[in-house]
Amino acid sequence: MRSGMYRLSILTLARSALLVESFSIRSQPCSIRSRSSHNRYSGISTFSTAEDNAATDGGVELPEISSMRIRAIKDELNEMGISFTDCFDKDSLVDRLKDGRSGAVTGTPKSVEDDASKSAAAASTSTSESTSKHSQSSKSTFDREAVISELRQKKVRELRTMCAQNNIKWATFIEKEELVRALVDYKEKASEFSSSGALTPGKVTMINDDILGKEVSGGAATPLLLDVYATWCGPCKMMVPQLDEAAAELGDKVRVAKIDSDEYPEWAGRLQVKGLPTLIVFDGNGKEVERVEGALMKDQLVQLAQKHA
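Reading the values: rules and limits
- Residues numbered from 1 in each chain as written.
- Predicted model: local features only at pLDDT ≥ 70, side-chain atom pairs only at ≥ 80, totals over all residues.
- Heavy atoms only, no water.
- Helix = DSSP H or I, 4+ residues; strand = E, 2+ residues; numbered from the N terminus.
- Buried < 20%, exposed > 50% of the residue type's maximum accessible area, 1.4 Å probe, protein only.
- Pairing = 2+ DSSP bridges.
- Axes fitted to C-alpha atoms, helices over the stretch in contact; angles between N-to-C directions.
- Salt bridge = Lys/Arg side-chain N within 4 Å of Asp/Glu carboxyl O.
- Phe/Tyr/Trp six-rings, centres within 6.5 Å; stacked < 30°, edge-to-face > 60°.
- Lys NZ or Arg CZ within 6 Å of the ring centre and 35° of its normal.
- Lys, Arg positive; Asp, Glu negative; His and termini not counted.
- Contact = heavy atoms within 4.5 Å.

1. A word on unusual backbone geometry
Of note, the bond from L276 into P277 is cis; its omega dihedral lies within 30 degrees of zero at -10°. Its identity is not glycine, yet Q272 carries a phi of approximately 55°, on the positive side. Residue placement: Q272 occurs in the loop between helix 12 (265–270) and strand 8 (278–282). Classification of Q272 by relative accessible area gives partly exposed; the value is 45%.

So this is what it looks like as structure tokens:
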């Protein structure tokens with residue numbers, strides 16, 4: 001009887017061990033060797049696979065991105081003209097290159113950049129005669145009578161506000177016509193100051209790609225101080241009041257503008273911006289003469305710009 005009970009106990013223990021082992025095997029998670037990453041552009045979590053990393057260029061198989069060194073990834077992104085100023089580690093660089101190879105992100109290829117550089121060099125070697133013609137054509141585009149007519153339709157309060165915004169002293173003006181004349185003189189001078197007509201003396205102007213293209217096209221009488229920034233950049237935010245004060249001191253001697261590298265990545269790539277903020281000084285012909293990476297204080301900004309004024 002005892003012998004039978006022992007056998008039953010042994011069989012029961014054996015079955016329990018089998019059940020435990022079976023449960024243990026089933027409960028193990030699937031092993032995924034490739035990392036899971038978040039695609040910052042599509043907002044979708046994806047798994048990195050060999051198919052994602054592998055690509056071809058004209059029938060030649062490109063190396064797997066995950067196995068590439070950081071320098072090689074940056075070199076390929078530069079060749080594609082894709083900005084990576086907001087990538088601060090290898091994972092984000094890998095994601096950017098994947099997007100570039102797949103076409104999700106596009107840039108200006110190096111060959112196109114070279115053509116643009118040649119065009120800029122050709123523009124910078126233009127003669128003083130062509131510069132003079134450009135200046136004359138800029139002056140002729142300002143319709144003084146039309147501006148006067150437009151200003152006369154505004155109320156005195158509006159005209160005073162416009163004067164204050166442009167640092168025009170109006171306290172001694174008695175007649176409305178005095179306000180109008182002061183503003184039209186200011187606007188005419190501003191049109192000669194800026195190639196695009198969008199920049200104002202003594203002010204920092206937020207510009208787009210079209211305005212920047214005009215401002216560096218040549219024929220300007222003053223240098224351009226350009227701040228390439230991003231809204232998420234801490235040093236860029238810190239430099240905002242410093243740049244405003246510098247622009248006020250520089251007045252009509254230097255054009256001061258800023259462009260968002262995230263909104264206009266093509267220009268950030270064309271200008272080969274590697275860090276933020278990047279301050280670039282262009283001469284009147286649109287040729288880069290100096291650049292500084294990192295935030296500067298007001299006096300440093302003034303000194304940087306005045307060297308080329």
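Still more to cover.
2. Here's the deal with the pairing of strand 9 (residues 288–293)
Alignment of strand 8 against strand 9, held across five bridges, turns out to be antiparallel. Within strand 9, the position partnered with I280 by the bridge is R291.

3. Regarding the sheet that holds strand 5 (residues 204–206)
Pairing within the open sheet is mixed, and its five strands lie in the order 5-7-6-8-9. Two strands close off the open sheet at either side, each with one partner strand: strand 5 and strand 9. Ignoring which end each strand starts from, the neighbouring axes of this sheet average 20° apart. Direction of pairing for strand 6 (residues 224–229) relative to strand 8: antiparallel, over a ladder of five bridges. Looking across to strand 8, one finds that D227 is bridged to L279.

4. So, the pattern of salt bridges
Per the counting criterion, the structure on display carries 13 salt bridges. R181 is the partner of E177 in a salt bridge, and the nearest nitrogen-oxygen pair spans 3.3 Å. Here E177 pairs with R181, and both are found in helix 9 (residues 176–193), just four residues apart, close to one helical turn. Among the residues examined, E177 registers a relative accessible area of 31% and is labelled partly exposed. By relative accessible area, R181 is classed as partly exposed at 36%. One salt bridge connects K189 with D252, and the closest N-O pair in it is separated by 3.1 Å. Here K189 is found in helix 9, whereas its partner D252 is found in the loop between helix 11 (234–250) and strand 7 (255–260), with 63 residues between them in sequence.

5. Focus: the packing of aromatic side chains
Per the counting criterion, the structure on display carries zero aromatic pairs. Sitting over the face of the ring of Y229, K258 holds its NZ or CZ atom 4.6 Å from the ring centroid. The cationic tip of R270 hangs over the ring face of W267; the distance from NZ or CZ to the ring centre is 4.4 Å.

6. Regarding the pairing of strand 8
Of all the five residues making up strand 8, five are buried; the element is thus mostly covered by neighbouring parts of the structure. Alternating positions in strand 8 separate into two faces, T278, I280 and F282 on one and L279 and V281 on the other, with burial throughout. Between strand 8 and strand 9, which follow one another and run antiparallel, lie five residues, and G286 among them has a positive phi close to 85°.

7. Notes on the side chain of D227
Structurally, the position occupied by D227 is in strand 6. Although D227 is buried, it makes no salt bridge; K258 carries the closest opposite charge, 4.0 Å away. Aside from chain neighbours lying at most four places away, what touches D227 is M239, L243, A257, K258, I259, P277, T278 and L279.

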